[in-house]
Amino acid sequence: MNLTSSSSLTQAPAAQIVACNACGSSDTTPFFDLPELPVHVGNFYDDAASAKRTPRGSIELAYCQGCGHVFNQAFRSDLVDYQPGYEVALHHSPGFRNFMQSVAERLRDKYQLSGKTIVEIGAGSAWFLELLCQLGGNKGIGIDPTIGRPGCYEQNGVQLELIQARFDRRLHSRFEEWLPDFVCCLSVLEHIAQPQVLVQDLRSMVGSRNIGIYFEIFNAFRAFQRQEIWSIHYEQCSYFSESSFRRLFTSSGFQVLEGGGCYGEDQYLYLDCLPASVAAPVYGQSNLRPTVISDYQDSGVINNLPPEISQFACYFRQRCEIWSERFQDYRRQGKAVVFWGTGGKGVTFLNCCPCASAIEVVAEINPAKQGKFVPGSAQKIVAPEDLIDYQPDVIIVSNALYEQEIRDQASALGLRSEIHVA
């Protein structure tokens, strides 16, 4: 697949009238397509042959003129199959752990989460849920199809119930039994084919109860603005802006109390919500009053594509060409090149960038991925310590947010490699 010469990177696919999966508008404009990316960025394989056979799907991004949302109109939910073993945990990063600690402490204080029942939608390994429960002596209920050991546990001083399931209306009766005081959902909504349905189902379950709600997602519009081209993944079928994120919740019966960007240079978006028909509680302080954000615009139709959207395909092609030339230079100079990071950006880079096949190994701090192989491109994943023997001349970093952290780790290992951000 020669991505740099493919006309699909410079021309939008044939016009289709596809309803926006965030607001339902049919006023959408296709602007970028990409064939055959691995369906999952969290499925890693025991051998290279299996990694190369990973299921793939196509991407056709469209922009909603009604709410500013971007979505993959070629997304097929039947290709996506989240199972135990799916691994995208980021808490092995010290920087990410510090961020999540601050989020958990803020939520504990804001919603007075002490001795309460907390439900996390898309809990994964339940690392964050356990942290939130530890901070306030809370009981946690985690829901996720990738949970490997469902059941009830008492560990590290907290009670956890882990349920291997997708969150949808079939859990309505269980929700009534749990009577949760708080619901959170992090880095999940952008993976849901019909996010409006999930949010509306949650609103129906909450009913008239006064339940605090916290959602956090990838800040896709920031990624488009910064031309972070490797942020496109198949399973991430929705790319929210702050306006489309807010509108999704306000149109589904929630009152947005507070929201905006967070983590690093606003890599994520977050919202604090309450059911719209429920008055904001005092909780001993007035910090739950609705926040008026002056720069939030909900003006209806946006007449033209924003430049960061209209230029995205061109910039993608240019970046592929630049990296192709760099790899040719590395090869001429006889430099050993490795990659560091197997998150979504890393998987996309390794599968899309011309000549990335020249990379033999990828370093990763998450021990659950070490010894496995990258989906699609099939590089072997090694621990950072293994690079001591490899002594690379060049290290390519998948995410600029972790560049300094990786520089520090590489320096501690005695590596003197050039380090560049993909």
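Our structure's up above, just so we're on the same page.
Treat the numbers as computed from the prediction; the structure is a model and nothing was measured.

**Observations concerning the pattern of salt bridges**
Inference 1: Summed over all chains, the structure comprises 19 salt bridges.
Inference 2: Across the pair Glu176 and Arg209 runs a salt bridge, and its minimum N-O distance is 3.6 Å. Of this pair, Glu176 sits in helix α4 (residues 172–178) while Arg209 is found in the loop between α5 (195–206) and β9 (212–218), placing the two residues 33 residues apart along the sequence.
Inference 3: Linking Arg317 and Glu321 is a salt bridge whose minimum nitrogen-to-oxygen distance equals 3.9 Å. Taken as a pair, Arg317 and Glu321 lie in helix α9 (residues 312–333) at a separation of four residues, close to a single helical turn.
Inference 4: You can call Glu321 partly exposed: its relative accessible area is 34%.
Inference 5: Shared partners join several salt bridges into a network, and the residues in it are Arg106, Lys110, Glu258 and Asp272.

**Regarding the sheet that holds β9**
Inference 1: The eight strands are arranged β6-β7-β5-β4-β8-β9-β12-β11 in an open sheet whose pairing can be described as mixed. Lying at the two open borders of the sheet, with one neighbouring strand each, are β6 (151–155) and β11 (254–262). Recorded for the sheet is a direction-independent mean angle of 20° between the axes of neighbouring strands.
Inference 2: Pairing of β6 with strand β7 (residues 158–163), which is carried by five bridges, proceeds in the antiparallel orientation. Its bridge partner being in β7, Cys152 is matched across the sheet by Glu161.
Inference 3: Here α5 sits on the sheet in contact with β4 (117–121), β8 (182–186), β9, β11 and β12 (268–275), set at roughly 170° to β9.

**Here we look at the packing of aromatic side chains**
Two descriptors summarise a pair of aromatic rings, namely the distance from one centre to the other and the angle between the planes of the rings.
Inference 1: If you walk through the whole model with that rule in mind, you get 28 aromatic pairs.
Inference 2: Ring centres 5.6 Å apart and planes at 80° place the aromatic pair Phe96 and Tyr263 in the edge-to-face group. Pair noted here: Phe96 is in helix α2 (residues 94–110) and Tyr263 is in the loop between β11 and β12, with a separation of 167 residues, a long-range link.
Inference 3: Ring plane angle 65° and centroid distance 6.4 Å describe the contact between Phe175 and Trp178, whose orientation is recorded as edge-to-face. Taken together, the positions of Phe175 and Trp178, both in helix α4 and three residues apart, correspond to about one turn of that helix. Exposure class is identical for Phe175 and Trp178. Each is buried.
Inference 4: One aromatic cluster in this structure is built from Phe31, Phe32, Phe224, Trp230, Tyr239, Phe312, Phe316, Trp323, Phe327, Tyr330, Phe339 and Phe349.
Inference 5: Directly above the ring of Phe254 sits Arg203, whose terminal nitrogen or CZ lies 5.9 Å from the centroid.
Inference 6: Across from the ring centre of Trp323, 4.5 Å away, lies the NZ or CZ of Arg326, which sits over that ring.

Quick notes on the rules
- Residues numbered from 1 in each chain as written.
- Predicted model: local features only at pLDDT ≥ 70, side-chain atom pairs only at ≥ 80, totals over all residues.
- Heavy atoms only, no water.
- Salt bridge = Lys/Arg side-chain N within 4 Å of Asp/Glu carboxyl O.
- Helix = DSSP H or I, 4+ residues; strand = E, 2+ residues; numbered from the N terminus.
- Buried < 20%, exposed > 50% of the residue type's maximum accessible area, 1.4 Å probe, protein only.
- Pairing = 2+ DSSP bridges.
- Axes fitted to C-alpha atoms, helices over the stretch in contact; angles between N-to-C directions.
- Contact = heavy atoms within 4.5 Å.
- Phe/Tyr/Trp six-rings, centres within 6.5 Å; stacked < 30°, edge-to-face > 60°.
- Lys NZ or Arg CZ within 6 Å of the ring centre and 35° of its normal.

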